[in-house]
Amino acid sequence: DDGSTDGTRDWLATLMDPPFRVLLNERNLGYAVGNNRAAAVARGEFLALLNNDLILTPAWLEPMLAAHQALGTRAGLVGNVQRDARSGAVDHAGLEIDLTGKPTHVRTLPSWISRQLRPVRPVPAVTGACLLVTSALWRQLGGFDEAFHNGGEDIDLGFRARALGRINAVALRSVI
C-alpha cells in the first residue's frame, strides 16, 4: 500500500496472515519504488505485477504462464489483453513505438483465428498494470528504475529486457 487513505489499509489488515505479506508505505513513494519493495520480499519463481483497479477474469494467469513457457529462455516480460471495464474496448495489448518515436498502447487485436493459431505476440514492451516476469530476470534487470515516479518505468524495464536479448510478448488469450 503506497500511503492510501481510502480504506485500503483497513482491508489489508484482514490479509495479514500467510499466504499474504503486506507492505505499508507511510506516503506514496511511486509505482517503481512500491513494486521494487514488494519484489524484494517476494519468494516465488514468478512476479505478477497487478494494478489495484484491474478486474481479473477466470483463467487470466494460465495463458501468461503458457506464453512464458513457449518463449523459454528468451522470455522477457509477458503482458496480456486489457479491456476497458465499461465499454469492453481493447485498452492495451502491448506497447509499440509510433512514427514519432513515442510509445503507444496497441488497441487492436489479430483476428480470433489468428489468436488461436498464434496466441503469443512479440511486442517492444508491455504495461506494468499487469505483467509477468521471472524473479531471476527482475533481479538481473535491477527492477524498475526509481527515477520514474509513475509512468515509463514499465517501458524502460521492457527495453532493458530486450537489450539482454529477451522477447517481451502479449499472451493474447489472457484477457482482463
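Residues numbered from 1 in each chain as written. Predicted model: local features only at pLDDT ≥ 70, side-chain atom pairs only at ≥ 80, totals over all residues. Heavy atoms only, no water.

A. Just the packing of aromatic side chains, in detail. By the definition in use, this model includes two aromatic pairs. With centroids separated by 5.5 Å and ring planes inclined at 45°, the aromatic side chains of Tyr31 and Phe144 adopt a geometry described as tilted. Within this pair, whereas Tyr31 is found in helix α2 (residues 31-41), its partner Phe144 is found in the loop between α5 (135-141) and α6 (153-163), the two being separated by 113 residues in sequence. Relative to Phe144, the ring of Trp138 lies with its centre 5.0 Å away and its plane at 80°, an arrangement referred to as edge-to-face. Accessibility classification places Trp138 together with Phe144 in one group, the buried group. Taken together, Tyr31, Trp138 and Phe144 form an aromatic cluster joined through their ring pairs. (Phe/Tyr/Trp six-rings, centres within 6.5 Å; stacked < 30°, edge-to-face > 60°. Helix = DSSP H or I, 4+ residues; strand = E, 2+ residues; numbered from the N terminus. Buried < 20%, exposed > 50% of the residue type's maximum accessible area, 1.4 Å probe, protein only.)

B. Expanded view of the nonpolar core. Counting 22 residues, the largest nonpolar core has Val133, Trp138 and Phe144 as the members making the most contacts within it. Of all the elements in the fold, those that place two or more residues in this core are α2, β1 (46-50), β2 (75-83), β7 (130-134), α5, α6 and β8 (167-175). Once residues lying within four places of it in the same chain are set aside, the contact partners of Trp138 are Asn35, Asn36, Ala39, Leu47, Leu49, Val133, Gly143, Phe144 and Leu157. Counting eight residues, the second-largest nonpolar core is a separate cluster that includes Trp60, Met64, Ala67 and Cys130. (Core = buried A, V, L, I, M, F, W, Y, C linked by side-chain atoms within 4.5 Å. Contact = heavy atoms within 4.5 Å.)

C. Spatial organisation of α2. Every buried residue of α2 is accounted for by Tyr31, Ala32, Val33, Asn35, Asn36 and Ala39. Those residues of α2 hidden inside the fold are in contact with β1, α5 and α6.

D. Geometry of the pattern of salt bridges. With the rule as written, the count across this model stands at four salt bridges. Close ionic contact of Arg107 with Asp91 constitutes a salt bridge, the shortest N to O distance being 3.3 Å. Here Asp91 lies in strand β3 (residues 90-92) and Arg107 lies in the loop between β5 (103-105) and α4 (112-117), a separation of 16 residues in the sequence. Look at Asp91 and you get partly exposed, because its relative accessible area is 33%. Residue Arg160 is joined to Asp156 by a salt bridge in which the shortest nitrogen-to-oxygen separation is 2.9 Å. Separated by four residues within a single helix, Arg160 and Asp156 lie in helix α6, roughly one turn from each other. Connected via shared salt-bridge partners are Asp1, Arg9 and Glu26. (Salt bridge = Lys/Arg side-chain N within 4 Å of Asp/Glu carboxyl O.)

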